[in-house]
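# Commentary on secondary and tertiary structure
One letter stands for each residue in the lines below.
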Amino acid sequence: MMNEPQNSDLWASEFGFVAKRIFDAAVDSVSAHGIFEQATDLPIFGSCRVAGAGKAAMTMAAALEQCFPKASFEGEVVVPHGYIDSFPDQLARPKAINVSEGGHPIPNIDSQCAAERALSVAKNCRRNETLIVLLSGGASALWSAPIKGLSMQDIRAVNQMLLQSGADIHQLNTIRKHLSAIKGGRLAEAAWPGHVVTLAVSDVIGDDSSVIGSGPTVGDPTTWQDATDIIQRLDLQLPTEVRQYLQLGVEGSLPDTPKPNAKLLKQSVFRLLASNTDALKAAEAAAQNMGYEVVSVYHDVCGEARNVGTAMARRVLRLKPSQCIIWGGETTVTVRGSGKGGRNQELALAAACVLEGASLDAVLLSGGTDGIDGPTDAAGGWVTPDTVTMALAAGVDPYVALEANDAYNCLSATNQLLITGPTHTNVMDVGIGLVAS
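Residues numbered from 1 in each chain as written. Predicted model: local features only at pLDDT ≥ 70, side-chain atom pairs only at ≥ 80, totals over all residues. Heavy atoms only, no water.

### Digging into the layout of surface pockets
Gaps between atoms show up when a probe of the same size as a water molecule is rolled over them. This is how it is decided: A pocket, in this scheme, is an open set of points on a 1 Å grid over the protein atoms alone with protein on both sides within 12 Å along at least 5 of 7 lines, while a cavity is a set where a 1.4 Å probe fits but cannot get out; residues line either one if an atom lies within 4 Å of a point. Grid points are joined across faces, edges and corners, and a volume is the space filled by probe spheres set on the points. Numbering of helices and strands runs from the N terminus, with a helix taken as a DSSP run of H or I at least four residues long and a strand as a DSSP run of E at least two residues long. Residues are sorted three ways: Asp, Glu, Lys and Arg are charged, Ala, Val, Leu, Ile, Met, Phe, Trp, Tyr, Cys and Pro are nonpolar, and all the rest, Gly among them, are polar.
One number sums up the size of the largest pocket: a volume of about 1,100 Å³. For the lining of the largest pocket, the elements supplying multiple residues, two or more each, are α5 (139-142), α6 (152-165), α7 (169-177) and α13 (343-355). At five residues, the largest contribution of residues to the lining of the largest pocket is made by α7. Here the lining of the largest pocket is composed, by residue class, of 16 nonpolar, 20 polar and 10 charged. One number sums up the size of the second largest pocket: a volume of about 390 Å³. What lines the second largest pocket is a set of 19 residues, among which Val27, Asp28, Pro88, Gln90 and Thr423 lie closest to the centre. Those elements that provide at least two residues to the lining of the second largest pocket are α1 (9-28) and α2 (32-35). Looking at the lining of the second largest pocket element by element, the count peaks at five residues for α1.

Dropping the structure here:
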């Protein structure tokens, strides 16, 4: 027989903390300093040029310098605005590799300048030199050099439309690659005849190297027609200049991105250092160490956030005491309201509506491993069967909030936002659902 739920805020906080401990274990397992131990077999020595972008780029640069003390490095990595000041106190900052900041998730002029500097570093590589590319989630926005003929205003407009359209990362990056001077293999192309070694942390389902960071150092299997088909499928009303540019590509008037097996990419090596799978393994081990039976681990979870939240909540309702489910992947949100939130917060709020009033001590948590969920300061949220009641008592209707895409303000009212700050890694999202013993 299941336990009667404890309705106190103290219980909710403590039980939410249990789920957060599992989430933290997942994030810690893919931190830069730990994962770089896998790369010590790479031929990194002598003088190396470095270009990097993403939410993990700064800690990856620091780890690179520490793990390869016999090499000398010069170059730059770019991270989102505010990341430089959030560098973990217990870690040494990069000394030789410069760090700059750019716009994310919407690129800005700083993103353009960072991409142009990375291309300059690549073009200066000589035949016997190595360009080390540090790549992680967020790189697509942080390296945003428009292709000749387009402007940063065009790129910003397209990114904004795509983020609100419900497009998944594969669709998003297919379009980005065809509008960029650095993505889709063009960075490695610029480094020819130098050698390129890419060290990557994956934030995409399937860990496709051509999608991570929009694949700046690998061949692009997508085409102009693929990009145009996605735009038509999503019914996006792109700026006139972008539509005309894509049409020229479809007609064959513009060269496509470098394809797999392209000669200029032959000296480019790609190494995946961490992925969502690694984080899920760590989460499973942490849950088991805390006495939970992990009955299911779901990989590559995708789809509309609210639909996934509903499905996961229903699975939680079938759990017995001391049982747990874990999932990872990346959902999407089709924005229809004017509220504030992100995909993990929306997933959690949808789950709260399913869990409402259930007679079991359950919690469901969903969070972005990068510590950022949508344009908010939260990584995600966690809910219990009491969340709806608590929200109503605070004057917020969760069902109305869900329809308005306003999960942030609802979960803020119940004190159930997951706040971590920037984690300096990014392997998509991790979710936990469990029932107390």
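### Some details on the packing of helix α9 (residues 224-234) against helix α10 (residues 240-250)
Selection criterion: All axes are obtained by fitting lines to C-alpha atoms, using only the stretch in contact for helices, and the reported angles, taken between N-to-C directions, cover 0 to 180 degrees. The cut-offs work like this: below 35 degrees is roughly parallel, past 145 is roughly antiparallel, 65 to 115 is roughly perpendicular, and the gaps in between are oblique. Crossing handedness is read from the near helix: turned anticlockwise from the far helix by less than a right angle, it gives a left-handed crossing, and turned clockwise, a right-handed one. In this description, contact between two residues means that some pair of their heavy atoms is separated by no more than 4.5 Å.
Packing of α9 against α10 leaves a shortest axis separation of 8 Å and a crossing angle of 140 degrees. The pairing of α9 with α10 is recorded here as oblique in orientation. In this structure, α9 crosses over α10, and the sense of that crossing is left-handed. Seen from α9, the contacting residues are Trp224, Gln225, Ala227, Thr228 and Ile231; seen from α10, they are Tyr245, Leu246, Gly249 and Val250.

### Considering the sheet that holds strand β10 (residues 380-383)
Using the following cut-off: At least two DSSP bridges between two strands are required for those strands to pair.
Spatially, six strands are ordered β7-β8-β12-β9-β10-β11 in an open sheet, and the strand pairing comes out mixed. Here the strands that pair on one side only, and so sit at the sheet edges, are β7 (293-301) and β11 (417-418). Note: strand β8 (residues 323-329) against strand β12 (residues 429-435), six bridges, orientation antiparallel. Residue Gly328 lies in a different strand from β12, and its bridge partner there is Val430.

### Section: unusual backbone geometry
Peptide bonds are, in most cases, trans, and in most cases residues other than glycine have a negative phi. Note the cis peptide between His104 and Pro105, where omega equals 5 degrees. Counting through the fold element by element, Pro105 comes out in the loop between β3 (97-102) and α4 (109-123). Here the residue pair Trp192 and Pro193 is connected by a cis peptide bond, since its omega of 10 degrees sits within 30 degrees of zero. Secondary-structure assignment places Pro193 in the loop between α8 (186-191) and β5 (195-201).

### Examining the environment of Val308
Residue placement: Val308 occurs in helix α12 (residues 305-316). Along the sequence, Val308 and Ala379 sit 71 residues apart, while their C-alpha atoms lie 17 Å from each other.

### Brief notes about the sheet that holds strand β6 (residues 268-274)
Reading across from one edge, β3-β2-β1-β4-β5-β6 is the order of the six strands in this open sheet, with parallel pairing throughout. What marks the edges here is a single partner per strand, and that holds for β3 and β6. Averaged over all pairs of adjacent strands, the angle between their axes in this sheet comes to 15 degrees, without regard to strand direction. Pairing analysis gives six bridges linking strand β2 (residues 71-80) to β3, with the strands arranged parallel. When the sheet's bridge partners are listed, Pro80 is paired in β3 with Gly102.

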